[in-house]
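Examination of the molecular architecture
One-letter residues, chain by chain:
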There are 2 protein chains.
Amino acid sequence: MSNRENVNDEARPGPGRSTCPVACTLDVVGDHWTLLVIRDLLSGSKRYGDLLASKEHIPTNILAARLKRLEREGLLERVPYNEHPPRYDYRLTAKGRGLGRAIDALATWGLAHVAGTVRTMPSLDDLTSAG
Amino acid sequence: MSNRENVNDEARPGPGRSTCPVACTLDVVGDHWTLLVIRDLLSGSKRYGDLLASKEHIPTNILAARLKRLEREGLLERVPYNEHPPRYDYRLTAKGRGLGRAIDALATWGLAHVAGTVRTMPSLDDLTSAG
């Protein structure tokens, strides 16, 4: 199991847990792979294979776990495009697209501070209006 | 060792690595604890004990490793306040403070979507001007 597997499964603050909105957001999406999956979905709905083909080479078991978790948390929905065998398009809900501003800010920082990075994401305006 | 320990130590894209600025930013700061340490430093310089006292209870070995890494990456600097024994204030550089917009966006999302969260961070305007 990857060291990035064990993100906290509880998104809601409980007794003794932090009520900080940054900490609680990171409980939901605060691992590398989850944020990259959301990045890929910001430009529009994707199929499993599209997400797997992303150039960071997300392992298939991690991708499957992240998609399930994001669906459970209401950040994405699955839309069937084939019945036998069952196949789905994955697309962000409004709640999921709400992370566009944070991901855009991470991209802006990377472009400014990490040599060799190239903007390939849509602009923030496109992100926030994308369906 | 925590499952959050093994973040990639290479911030620069190499041959075959992603040039996506989101992915490269996450290589530097894309773990839960690192972003929480930066959150704490956004409001001003802190001592080791202040950071350890944050309510998410960061383990001391992870805090020490994250501070070293952030210093190595040029996101924070140590300013000595005691010589014997050596003690330091930790403060963000301009590069580190540049993550304020992303962290503010994560906070805004958490406030909107995670029940029970309470804003305790300074506003983005304060963050971007804080020394």
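Residue indices follow the written sequence of each chain, beginning from 1 at its first position. Note on labels: chains are lettered from A, ligands numbered from 1, in written order. Residues qualify for local features only when their pLDDT is at least 70, as the model is predicted, and side-chain atom pairs are given and counted only at 80 or more; totals for whole chains, interfaces and linings, by contrast, use all residues.

Our focus in this paragraph is the interface of chain B and chain A. Listed by partner, the interface residues are 43 residues for chain B and 43 residues for chain A. Of all the secondary-structure elements, those providing two or more residues to the side of chain B that touches chain A are α1 (21–29), α2 (32–42) and α6 (100–113) of chain B. Element by element, the count of residues in the side of chain B that touches chain A is highest for α6 of chain B, at 11 residues. Residues that form the side of chain B that touches chain A fall into these classes: 23 nonpolar, 13 polar and seven charged. With C-beta atoms placed from the backbone, a contact is any residue pair whose C-beta atoms sit within 7 Å. Every helix listed is a DSSP run of H or I at least four residues long, and every strand listed is a run of E at least two residues long, numbered separately from the N terminus. Amino acids are sorted into nonpolar (Ala, Val, Leu, Ile, Met, Phe, Trp, Tyr, Cys and Pro), charged (Asp, Glu, Lys and Arg) and polar (every other residue, Gly among them).

Turning our attention to the pairing of strand β3 (residues 87–92) of chain A. Residue and element names in this part refer to chain A. Two strands form a pair only when DSSP identifies at least two bridges running between them. Here strand β1 (residues 46–47) runs beside β3; their pairing, made up of two bridges, is antiparallel. Across the sheet, the residue bridging to Lys46 is Tyr90, located in β3. Relative to β3, strand β2 (residues 76–82) is paired through six bridges, and the arrangement is antiparallel. Pairing of Asn82 across the sheet is with Arg87, part of β3. The antiparallel pairing of β2 with β3 creates a hairpin that spans four residues between the two strands.

What follows is about the environment of Thr25 of chain B. By the element assignment, Thr25 of chain B lies in helix α1. The spacing of Thr25 of chain B and Lys46 of chain B is 21 residues in sequence and 23 Å in space, taken between C-alpha atoms. With residues up to four places along the chain from it excluded, the contact list for Thr25 of chain B reads Leu106, Trp109, Gly110 and Val114 of chain A together with Gly30 of chain B.

The transformation that overlays chain B on chain A combines an axial shift of 0.0 Å with a rotation of 180°, and the residual RMSD is 0.0 Å. Look at the turn and shift together and you get a two-fold axis relating the two. Most of the interface of chain B is mirrored in chain A, where 100% of its interface residues are also at the interface. A residue counts toward the fit only if its pLDDT is at least 70 in both copies, and the copies are then superposed by least squares on the C-alpha atoms of those residues.

This part covers helix α4 (residues 60–72) of chain A. All names here are of chain A. Over its 13 residues, α4 extends 18 Å from the first C-alpha to the last, a length consistent with the 18 Å expected when each residue adds 1.5 Å. Any residue with 12 or fewer other C-beta atoms within 10 Å of its own C-beta is exposed, any with 20 or more is buried, and the rest are partly exposed; the C-beta atoms used are placed from the backbone. Those residues of α4 not exposed but buried are Arg66, Leu67 and Leu70. The arc that holds the buried residues of α4, viewed along the axis, is 100°, so those residues lie on one side. The outward face of α4, more than 90 degrees from its buried face, is lined by the exposed residues Asn61, Lys68 and Arg72. Contacts from the buried residues of α4 go to α2 (32–42), β2, β3 and α5 (94–97). In the stretch just after α4, Gly74 is the one whose phi turns positive, near 80°. In this scheme, a helix's expected span is set at 1.5 Å multiplied by one less than its residue total. Taking the helix axis as origin, the arc is that swept by the directions to the C-beta atoms.

What links the strands of a sheet is backbone hydrogen bonding, and the strands pair in either a parallel or an antiparallel sense. Residue and element names in this part refer to chain A. In spatial order, the strands read β1-β3-β2; together these three strands make up an open sheet with antiparallel pairing. Every interior strand has two partners, whereas the edge strands, β1 and β2, have only one. What counts as an axis is a line fitted to C-alpha atoms, over the stretch in contact for a helix, and the angles between N-to-C directions run from 0 to 180 degrees. Contacts between α2 and the sheet are confined to β1, β2 and β3, with β3 contributing the most and set at about 90° to the helix. Running over the sheet, α4 touches β2 and β3 and is turned about 115° from β2.

This next bit is on α2 of chain B. All names here are of chain B. Of all 11 residues in α2, 11 are buried; the element is thus mostly enclosed. Along α2, the positions that sit buried rather than exposed are His32, Trp33, Thr34, Leu35, Leu36, Val37, Ile38, Arg39, Asp40, Leu41 and Leu42. Just past α2, the residue Gly44 takes up positive phi, approximately 135°.

So, to be careful, I would describe these as geometric facts and stop short of saying anything about function.
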